[in-house]
Every structure is written in structure tokens, then in C-alpha cells.
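Below, each chain spelled out in residue letters.
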Amino acid sequence: EKTMGPHGYFRGSYSFWSLSNPIVGPMYRPPWVVGGIHNPTINPEQHFATQDRFQTVTAMEWLRALSYTFLTFRPVLFMVLVPGGAVLLVTYLEQRREPMEIFM
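Residues numbered from 1 in each chain as written. Predicted model: local features only at pLDDT ≥ 70, side-chain atom pairs only at ≥ 80, totals over all residues. Heavy atoms only, no water.

Quick word on the overall build of the protein chain
No. 1: Scanning the protein chain for helices and strands turns up 5 helices and 0 strands.
No. 2: Its helices and strands taken in sequence order, the protein chain reads α-α-α-α-α from the N to the C terminus.
No. 3: The buried share of the protein chain, taken over its 104 residues, is 5%. (Helix = DSSP H or I, 4+ residues; strand = E, 2+ residues; numbered from the N terminus. Buried < 20%, exposed > 50% of the residue type's maximum accessible area, 1.4 Å probe, protein only.)

Some details on a nonpolar patch on the surface
No. 1: A cluster of nonpolar side chains, Val 57, Met 60, Trp 62, Leu 63, Leu 66 and Phe 70, forms an exposed patch at the surface whose accessible area comes to about 630 Å².
No. 2: By the secondary structure assignment, Val 57 is in the loop between α3 (53–56) and α4 (59–69).
No. 3: Residue classification places Val 57 among the partly exposed positions, given a relative accessible area of 35%. (Patch = residues over 30% accessible without salt bridge, like charges linked within 9 Å, V, L, I, M, F, W, Y side chains within 5 Å. Areas by Shrake-Rupley, 256 points an atom, 1.4 Å probe, with all protein chains shown as cover. Salt bridge = Lys/Arg side-chain N within 4 Å of Asp/Glu carboxyl O.)

Description of the environment of Thr 91
No. 1: Along the chain, Thr 91 turns up in helix α5 (residues 73–95).
No. 2: The partly exposed category is assigned to Thr 91, whose relative accessible area is 42%.

So, the confidence of the model for the protein chain
No. 1: Chain-level pLDDT for the protein chain is 78 on average; 76% of the residues reach the 70-or-more range.
No. 2: Per-residue pLDDT, averaged within each element of the protein chain, yields its smallest value for α3 (70) and its largest for α5 (90). (pLDDT = per-residue confidence, 0-100.)

Put into C-alpha cells, the structure is as follows:
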């Protein structure tokens with residue numbers, strides 16, 4: 001609050017009901033304007049360190065995480081296979097029909 005100004009639901013810097021003095025408080029300053037990490041709760045050096053990431057994950061956990069990336073491929077696969085299979089089924093069924101008797 002002290003650094004970024006009042007923010008939250010119904011805690012803005014402007015008043016909707018006052019036409020003569022609509023600015024009622026300090027302007028909200030987002031974190032990217034203020035800069036820095038205020039009141040840090042984690043150690044960023046330890047939290048974002050990745051040099052030992054392959055020693056901390058087992059092979060099974062790594063394969064499970066890798067398999068989650070392939071979950072997005074299933075709808076795309078069905079979007080291609082279902083219409084393509086329907087077209088091939090119709091062409092196969094039409095190919096197997098007897099000739100029409102009009103030409104006999």
C-alpha cells in the first residue's frame with residue numbers, strides 16, 4: 001500500500017460520485033513501474049535455480065511431465081482422423097455399390 005498505492009476492490013484513486021474533486025487518493029503504481037520485489041516471501045536465487053533440475057526429478061516424474069505435453073495433440077489428431085475417416089468411409093461405400101439400372 002505504501003509503495004504501490006491503494007489497490008483492490010472499491011479502493012481506487014478516483015471517486016465516481018464527485019464531479020468537482022474526482023481524485024481522492026494517490027495514483028495506483030503497478031509493480032513494474034515501482035520496480036523491485038517488495039516484501040519477498042521466497043528466496044528467488046533458490047526458487048529459480050535450475051542447475052540441479054535433473055538431479056531433483058526422477059525419470060518417472062520426467063516422463064509423466066513429458067506425457068502431459070502430448071495431451072494437447074489428441075484433439076488435433078481427432079480433428080483430422082474423424083473427418084478424414086468419414087470421407088474415406090463414404091468413398092469406400094460408394095465404390096462398392098452396384099451400377100445403377102438406368103443405363104442397362
